[in-house]
Amino acid sequence: EAGRAWRKFGLADQTLAGYQAIPAGVGSELADVVIRLLDDSGRFGLCLPDRVLVHDTGTFVFGGEAAFLDDVNVLHNLISRASAATSEERSGNEGLAMALLDVLAYTFALMRHYRFKIQEEYERKMKYNRTRPHRHGGRRA
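Residues numbered from 1 in each chain as written. Predicted model: local features only at pLDDT ≥ 70, side-chain atom pairs only at ≥ 80, totals over all residues. Heavy atoms only, no water.

Novice: Got a minute to help me understand the pattern of salt bridges in this structure?
Specialist: Oppositely charged side chains may form a pair once their charged atoms are brought near each other. Applying the stated criterion across every chain, the model contains six salt bridges. In this structure, D40 engages R36 in a salt bridge whose closest nitrogen and oxygen atoms are separated by 3.3 Å. Remark: R36 and D40 occur in helix 2 (residues 26–43); sequence separation between them is four residues, near one turn of the helix. We classify D40 as buried; its relative accessible area is 13%. Between E121 and R124 there is a salt bridge, with its nearest N and O atoms 2.6 Å apart. (Salt bridge = Lys/Arg side-chain N within 4 Å of Asp/Glu carboxyl O. Helix = DSSP H or I, 4+ residues; strand = E, 2+ residues; numbered from the N terminus. Buried < 20%, exposed > 50% of the residue type's maximum accessible area, 1.4 Å probe, protein only.)

Novice: How should I be thinking about the nonpolar core in this particular structure?
Specialist: The nonpolar side chains of soluble globular proteins are, as a tendency, buried together. Judged by nonpolar contacts, the single largest core of 31 residues is most densely connected at V26, L30, L75, L100, V103 and L110. Mapped by element, the contributors of at least two residues to this core are helix 1 (2–9), helix 2, helix 4 (68–87) and helix 5 (92–113). When sequence neighbours within four positions are dropped, the list of residues in contact with V103 reads V33, L37, L75, L78, I79 and A82. (Core = buried A, V, L, I, M, F, W, Y, C linked by side-chain atoms within 4.5 Å. Contact = heavy atoms within 4.5 Å.)

Novice: Got a minute to help me understand the packing of helix 2 against helix 6 (residues 118–129) in this structure?
Specialist: Packing of helix 2 against helix 6 leaves a shortest axis separation of 9 Å and a crossing angle of 75°. Viewed along their axes, helix 2 and helix 6 adopt a mutual orientation that is roughly perpendicular. Contact with helix 2, carried on its side by G27, S28, A31, D32, V34, I35 and L38, involves E121, Y122, K125, M126 and N129 of helix 6 and no other residues of that element. The residue makeup of the contact of helix 2 with helix 6, split by class, is six nonpolar, three polar and three charged. (Axes fitted to C-alpha atoms, helices over the stretch in contact; angles between N-to-C directions. Parallel < 35°, antiparallel > 145°, perpendicular 65-115°, else oblique. Nonpolar A, V, L, I, M, F, W, Y, C, P; charged D, E, K, R; others polar.)

Novice: What's the story with unusual backbone geometry in this structure? I'm lost.
Specialist: In most cases, non-glycine residues show a negative phi, while peptide bonds are predominantly trans. Non-glycine residue R115 carries a positive phi angle of around 60°. For R115, a relative accessible area of 75% puts it in the exposed group.

Novice: Would you take a moment to explain the packing of helix 1 against helix 4 for this structure?
Specialist: In a packed pair of helices, the relevant descriptors are the angle between the two axes and the axis-to-axis distance. At a closest axis distance of 10 Å, the pairing of helix 1 and helix 4 adopts a crossing angle of 170°. Between helix 1 and helix 4, the angle falls in the class roughly antiparallel. Along the contact surface, helix 1 presents A2, G3, W6 and R7, while helix 4 presents F68, L69 and V72. Of the residues in the contact of helix 1 with helix 4, the class split is five nonpolar, one polar and one charged.

Geometric descriptors of this kind do not, in isolation, establish any biological role.
And the structure:
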């Protein structure tokens, strides 16, 4: 969804002002990634926020705005790896925690690189999400 938002709007925020404004744009979509990661970490009994600050991620290399879709593709690959870790019994909680930490750390770095305000995007999206019904998208999981 971040790639779709970038194709449509570039990096500009597209949130309309007003009561219950729907957050829109790349920053909002990346905030969704963070929200889902934190939700998943709670579901699996992991405490990612305490660990992300000391997680060794190596050096991430990002392109400029023209390479944004390449950067999102890396994020997608990290998410796929984390998804696979949820079904691999041999990796256990530690393997899953490391895979989720890679996604969270990369998402934070990506947001910083493109100058999105992580805390602001997260809070804005959470505020809006509280106005939505449970399972608003109709999905079961």
